[in-house]
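Residues per chain are reported as follows:
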Amino acid sequence: MHTQELLQALPKVDTLLAHKQFETYNTTIIKSLIQQHIHSLRQAILQNTLMTTYPEIALHIDSRSTHADSTHTTLATYITHTLLQSITHDYHKLTTPSLVPVVNASGVVLQTNLGRSVFAPNLMQQILPLLTRYSNLEYDITQGKRSSRYTHANTLLKALFSQEYDYLLVNNNAAAVFLILNTFAKDKEVIISRGELIEIGGEFRIPEVMKSAGSVLVEVGATNKTHLLDYQTHITPHTAMLMKAHKSNFAQIGFCQEVSMQELSTLAHIHNLIDYYDLGSGCVMDLALATSLSHTQKEPTLHEIFTSPPSLLSFSGDKLFGASQVGIIAGKPHLIAQLKQNHLLRALRVDKLCISVLQATLQAYLHNALESIPTLAMLTLTPQALRQRALELLQMLQTHALSHIQATMVEVDSVAGGGSLPDKVFQSVAIALTSDKIHASALESRLRTEFHIITRIHKQQVLIDVRTLLEGDTKRICQALETIDHSLQSQKS
């Protein structure tokens, strides 16, 4: 068929735009897609690449009768139909949200890729009025005048930790580090152990954060050992701060030594310097007491730190703290006041959603309602509770009478994740899935892509770790496995 005939069979943009199939679609988006598809098809015709880019149209042309009477009309109709299908597919792909709920069956509680801390439904109900109605975010109801958005969390954090300190919120802990360094150590020296020059997610490193904040990095000690004398001998008239970064996302074992924050604080006070502790994760309760964890590499708790706190402290809200993504800064009132004067705070400030979630989480801590903080609830599940969860899931699967997928209960290890407790493992229980019809990697892929169930593979078994399952997840898992099992029945042995 001649090129000109094919070009004449292309529909006009206005014709497709007026099609009843697109009546409820966003006009701007659908018009752009129509133009793109027609242009792409025209280029394929001109460049003779239809078989590569539009194989269904090329095959239709090859199979057509060469009778001239109906060639143009029938071909035009087929092309229009094909374009309608392609455009509709792309429209839904473009306008369908890509952020969707998933089932976390990986056993990694603070899975960064899955959003870290999750929030309890009752907590969400608590904050819903603050999001669907106006609030006193920056308004003093008693005085009838403007207030600060930081007041709400500040009051609760004082009650939870220390009345002698003030508190400030920013986007995340990296922002807290940046703001503190920029405020107190711009063009000045900050002394930190070489073993604490940490890299966090996304290849963000403390030396680069310091550089961006305008601080001068002074690294002391060796990778594995740093002594108090190392800090002391590097203090100069240009030194502004002694900084300690908690190794929250890695651990050192063997021939190693570090200087405690209390020792650094004492040295800083002697030399009239600021002592700052970048804690990272921010753990409120002692997880070693709540689980079977060893005390050999004990995670410092916030309550312990506040018995002898540094002048400045910062930590993440969405890790072991179990709240929203936020960087929480605790400090002596005059230092927090200086941070508030830094114009960067405006660029780093948190919104009402973040503050609302944090406020509800802090209230849960104050009322000892730890079941309303899923992160802590998951990390402190007892072995008995885990076995009971796994047994219930196994029994549910047995009622579905799966023919080609076998399920057994096995003991596994869970981890905290999210750059927290790197040297700790939590004994857990999982359902191990095997099949003689489908490889473990294929089963994992189907669960992930078709049903958004995230698992892991160990020794050719697909593991469903029950520690990180939420309400309704078991039903979703059973339905998914039943669907996959039925599809396997049609395959040849």
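These lines cover the structure that appears in this document, whether it is placed above or below. (Residues numbered from 1 in each chain as written. Predicted model: local features only at pLDDT ≥ 70, side-chain atom pairs only at ≥ 80, totals over all residues. Heavy atoms only, no water.)

Right, let's get into the side chain of N104. With respect to the secondary-structure elements, N104 resides in strand β1 (residues 103-104). Not counting the four nearest positions on each side in its chain, N104 is found in contact with V109, Q111, L114, I454, T468 and L469. (Helix = DSSP H or I, 4+ residues; strand = E, 2+ residues; numbered from the N terminus. Contact = heavy atoms within 4.5 Å.)

With that settled, the discussion passes to the sheet that holds strand β14 (residues 426-434). Pairing within the open sheet is antiparallel, and its four strands lie in the order β13-β14-β17-β16. Every other strand in the sheet has two partners, leaving β13 (406-414) and β16 (456-458) as the edge strands with one partner each. For this sheet, the mean angle separating the axes of adjacent strands, direction not counted, is 40°. The sheet contact formed by β16 and strand β17 (residues 461-465) spans three bridges and is antiparallel. Bridge pairing links R456 to L463 in β17. Along the sheet, helix α19 (residues 383-399) contacts β13, β14 and β17; its crossing angle with β14, the most-contacted strand, is approximately 10°. (Pairing = 2+ DSSP bridges. Axes fitted to C-alpha atoms, helices over the stretch in contact; angles between N-to-C directions.)

Tallying each qualifying case throughout the model produces twelve salt bridges. Several salt bridges share partner residues, and in doing so they unite E138, R146, R149 and R349 into one network. (Salt bridge = Lys/Arg side-chain N within 4 Å of Asp/Glu carboxyl O.)

What follows is about the sheet that holds strand β4 (residues 166-170). Across a sheet, paired strands are connected by hydrogen bonds in the backbone, their directions being either parallel or antiparallel. Read across the sheet, seven strands follow the order β4-β12-β11-β10-β9-β5-β8 without closing on themselves; strand pairing throughout is mixed. Looking at which strands have only one partner, the edges of the open sheet turn out to be β4 and β8 (216-220). Sheet twist, expressed as the average angle between the axes of neighbouring strands with direction ignored, equals 25°. In the sheet, β4 pairs with strand β12 (residues 327-331) via five bridges, with the strands oriented antiparallel. Bridging from a neighbouring strand, D166 pairs with G331 of β12. Running at roughly 30° to β4, helix α15 (residues 333-340) makes contact with β4, β10 (274-280), β11 (312-316) and β12 of the sheet.

In this structure the tally under the stated criterion is zero disulfides. Among the cysteines around C283, which has no disulfide bond, C354 carries the closest sulfur, lying 19 Å off. Classification of C283 as buried rests on a relative accessible area of 2%. (Disulfide = S-S within 2.5 Å. Buried < 20%, exposed > 50% of the residue type's maximum accessible area, 1.4 Å probe, protein only.)

Now for the nonpolar core. Of all hydrophobic cores here, the largest spans 75 residues; its most connected members are F161, L169, M243, L312, F321 and I329. Residues V103, L381, A390 and A480 belong to the second largest nonpolar core, which totals 29 residues. (Core = buried A, V, L, I, M, F, W, Y, C linked by side-chain atoms within 4.5 Å.)

Attention now moves to the environment of R389. You can see R389 is positioned in helix α19. For R389 and A430, which are 41 residues apart along the polypeptide, the C-alpha to C-alpha distance reads 9.2 Å. Setting aside anything within four residues of it in sequence, one finds R389 in contact with L381, V466, R467 and L469.

What follows is about helix α21 (residues 473-489). The end-to-end C-alpha separation of α21 is 25 Å, in line with the 24 Å expected for 17 residues at 1.5 Å each. Listed in full, the buried residues belonging to α21 are D473, I477, C478, A480, L481, I484, D485 and L488. Along α21, the residues classed as buried sweep out an arc of 165° about the axis, all on the same side. Where α21 is buried, its residues touch β1, α19, β14, α20 (440-451), β15 (453-454) and β17. (Expected span 1.5 Å × (residues − 1). Arc of directions from axis to C-beta.)

Moving on to the pairing of strand β5 (residues 189-193). Judged by how many residues are buried, β5 sits mostly within the fold: five of five residues are covered. A two-sided burial pattern is seen for β5, the buried positions comprising E189, I191 and S193 on one face and V190 and I192 on the other. Here β5 runs beside β8; their pairing, made up of five bridges, is parallel. Bridging across to β8, I192 finds its partner in E219.

The next point concerns the packing of aromatic side chains. According to the stated counting rule, one finds seven aromatic pairs in the structure shown. When the ring of Y25 is compared with that of Y91, the centres are 4.2 Å apart and the planes differ by 10°; the resulting orientation is stacked. In this pair, Y25 is assigned in the loop between α2 (13-17) and α3 (27-46) and Y91 in helix α6 (residues 71-95), connecting sequence segments 66 residues apart. Seen from their ring centres, F315 and F321 are 5.6 Å apart, and the 50° between their planes marks the pair as tilted. Across the pair, F321 and F315 agree in class, each one buried. Cluster of aromatic residues (ring-pair linked, three or more members): F161, Y165, Y167 and F306. (Phe/Tyr/Trp six-rings, centres within 6.5 Å; stacked < 30°, edge-to-face > 60°.)

Residues spaced three or four apart along an α-helix face the same direction, because each turn holds 3.6 residues. Within the span of α15, buried status applies to L335, I336 and L339. Along the axis of α15, the buried residues cluster in a sector spanning 100°; they form a single face. Contact partners of the buried residues in α15: β4, α9 (173-184), β10, β11, β12 and α16 (344-348).

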